[in-house]
Amino acid sequence: MKPPITGRTIVAGVAGNPVAHSLSPLIHNAWLEAAGIDGVYVAFAPDADRFEVFVDAFRSGAIRGLNVTTPFKEVALSVAEVVSPRAEMAAAANLLTFGTDGRVSADNTDGIGLLGALAAQAPGFDPKAGPIAVLGAGGAARGAVAALVAAGAPQVRIVNRTLARAEAVAGAVGAGAVACPLDAAAEAFDGVTAVINATSAGLSGQPGLDVPLEAAPETAVIMDMIYKPLETPFLAEARKLGRRTVDGLEMLIRQAEPSFQAFYGAAPPADVDVRALAMKALGQ
Ligand code: ATR
């Protein structure tokens, strides 16, 4: 049973639009219940063009913090007075915390989620061991590329349909990233240790990317940042080819862990299987 709401209940949440589909309330509230913490985690859907006003309302200290999801990750960075280096590098924030002085701090735990998912589902994977290919050049891809470069990847190959966008991300991240056109994906996959899909292709029943995964070495780990469906067409193809795979749900859970710590001041309890709960909610 969840502890009752009291006069001391710590409130945090997630802001997105739309947000009703978010699995974050399920994950955080399951952890709160298991840990017996007097806290609650709720979902907010502010108007798409009024995020700043929405955040200002919380500067009074009404809530402890917010996770931020589409389409607010970039604007979340711009409303904060304090920005962590990893949020700066990703050019986006997925975590805002409210100080008692009214200041907002922005952080980005998506990189921790990405690396944590790789470590959990592809044990022994070492980001430093060789080049990594990232598909896509939007906000999700930029965060992934920044985290991989920071983790010591010797080269990140940004493979995108629109080459100019890949070049822009490579330019922003600096040495260590190169841009490649999608129609040269086979060359980009040569010798990589991992291929990570950070495009929106394959989301919710949409067709997946048609890329020659067989051009990646047999030892390469194939990861998709999408978690709906859990097995995307991209991951299904990788499994068919016998490659090790890593899914987006693991990344979602792993990015939530440091957020929970930031909101409630404790690590998530290990004795609750939030992955099983989330899989059930996804209809698995
Ligand atoms: P986000 O911020 O969530 O990453 P985005 O900025 O809309 O979203 O970026 C979506 C990414 O998916 C882009 O890299 C996009 O490629 P383009 O830059 O060429 O538009 C990529 N993408 C989406 N659908 C695609 C498809 N069917 N084929 C190839 N790339 C696709």
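Thresholds applied
Along each chain, residues carry numbers from 1 onward, in the same order as the chain's sequence is written. Restriction of local features to residues with pLDDT of at least 70 applies here, the model being predicted, together with a cutoff of 80 or more for giving and counting side-chain atom pairs; totals for whole chains, interfaces and linings are based on all residues. In computing side-chain values, all of the structure's heavy atoms are included and hydrogens and water are not. Whether two strands pair comes down to DSSP finding at least two bridges between them. Secondary structure elements are taken from DSSP: a helix is a run of H or I of four residues or more, a strand is a run of E of two residues or more, and numbering for both begins at the N terminus. For every element, the axis is a line fit to its C-alpha atoms; helices are fit only across the contacting stretch, and the angle between N-to-C directions ranges from 0 to 180 degrees. Contacts are assigned to residue pairs with any non-hydrogen atoms lying within 4.5 Å of each other. Type-normalised accessible area, obtained with a 1.4 Å probe on protein chains alone, sets the label of each residue: buried when under 20%, exposed when over 50%, and partly exposed for intermediate values. Planes of paired rings set the category: under 30 degrees apart is stacked, over 60 is edge-to-face and the rest tilted, where pairs are Phe, Tyr or Trp rings (Trp by its six-membered ring) whose centres lie within 6.5 Å. Consider each residue's heavy atoms; a residue with any of them within 4 Å of a molecule or strand counts as near. In protein, a polar contact means a hydrogen-donor-capable atom and an acceptor-capable atom, both N or O and within 3.5 Å, with residues adjacent in sequence counting only if both atoms are side-chain atoms; elsewhere, any N or O pair within 3.5 Å suffices. For the accessible areas, the method is Shrake-Rupley and the probe is 1.4 Å, while residue cover comes only from the protein chains on display. Classes in brief: Ala, Val, Leu, Ile, Met, Phe, Trp, Tyr, Cys and Pro nonpolar; Asp, Glu, Lys and Arg charged; the others, Gly included, polar. When the strands point away from the viewer, a crossover counts as right-handed if the path from the first strand over the helix to the second runs clockwise. Bear in mind that the domain bounds are from an automatic or database domain assignment. Buried area is understood as the total, over both parts, of accessible area removed when two parts are fitted together, assessed with a 1.4 Å probe. Definition used for salt bridges: Asp or Glu carboxyl oxygen within 4 Å of a side-chain nitrogen of Lys or Arg.

Novice: Hey, could you run me through the sheet that holds strand E12 (residues 244-246) in this one?
Specialist: To summarise the sheet geometry, strands pair through backbone hydrogen bonds and adopt either a parallel or an antiparallel arrangement. The strand order across the open sheet built from 6 strands is E9-E8-E7-E10-E11-E12, with neighbouring strands paired in parallel fashion. Strands with a single pairing partner mark the edges of an open sheet, and in this sheet they are strand E9 (177-181) and E12. Across the sheet, the axes of successive neighbouring strands diverge by a mean angle of 20 degrees, strand direction being ignored. Pairing of strand E10 (residues 194-197) with strand E11 (residues 221-224), which is carried by 4 bridges, proceeds in the parallel orientation. Bridged to Val195 within E11 is Ile222. Across the face of the sheet, helix H7 (residues 163-173) comes into contact with strand E8 (156-160) and E9 while running at roughly 175 degrees to E9.

Novice: Sorry, what's going on with the environment of Arg165 here?
Specialist: Residue position: Arg165 is located in helix H7. Taking the relative accessible area as the measure of exposure, Arg165 reaches 48% and is therefore partly exposed. C-alpha of Arg165 to C-alpha of Pro181: the two residues are 16 residues apart in sequence and 10.0 Å apart in space. Among residues more than four places away in sequence, those in contact with Arg165 are Ala137, Gly138 and Asn160.

Novice: I keep staring at the packing of aromatic side chains and nothing clicks. Help me out?
Specialist: Two descriptors summarise a pair of aromatic rings, namely the distance from one centre to the other and the angle between the planes of the rings. Per the stated rule, a full pass over the model turns up 10 aromatic pairs. For the pair Tyr41 and Phe263, a centre-to-centre distance of 6.1 Å together with 50 degrees between the ring planes defines the contact as tilted. Note that Tyr41 is positioned in strand E2 (residues 39-44) and Phe263 in helix H10 (residues 248-264), a separation of 222 residues in sequence. Like Phe263, Tyr41 is buried.

Novice: Please clarify how the site of the ligand should be interpreted in this entry.
Specialist: The environment of the ligand is formed by 14 residues, the closest being Ala137, Asn160, Arg161, Thr162 and Arg165. Within the side chain of Arg165, one N or O atom sits 2.9 Å away from an oxygen atom of the ligand. Backbone polar atom of Ser200 to an oxygen atom of the ligand: 3.3 Å apart, as the coordinates give it. Expressed as a share of its isolated accessible area of 650 Å², the protein-covered part of the ligand is 68%. In terms of residue class, the shell around the ligand is built from 5 nonpolar, 7 polar and 2 charged.

Novice: Honestly, the pairing of E9 in this entry has me stumped. Any pointers?
Specialist: In regular strands, side chains alternate between the two faces of the sheet. Bridging between E8 and E9 involves 5 bridges; their strand directions are parallel. The residue of E9 that forms the bridge with Val156 is Ala177. Between the parallel elements E8 and E9, the chain passes through H7 in a crossover that is right-handed.

Novice: Looking at this structure, I do not really get the domain arrangement of the protein chain. What am I missing?
Specialist: Each assigned domain of the protein chain is listed here: domain 1 (10-108 + 253-281) and domain 2 (111-246). Taken together, the contact between domain 1 and domain 2 spans 14 residues of the former and 15 residues of the latter. Together domain 1 and domain 2 conceal approximately 1100 Å² of surface at their shared face, both sides included; 61% is due to carbon and sulfur atoms. Here domain 1 is connected to domain 2 by 0 salt bridges. Those elements giving two or more residues to the side of domain 1 that touches domain 2 turn out to be helix H4 (85-90), H10 and helix H11 (274-281). Per element, the largest residue contribution to the side of domain 1 that touches domain 2 is 4 residues, and it comes from H4. The residue inventory of the side of domain 1 that touches domain 2, partitioned by class, reads 6 nonpolar, 3 polar and 5 charged.

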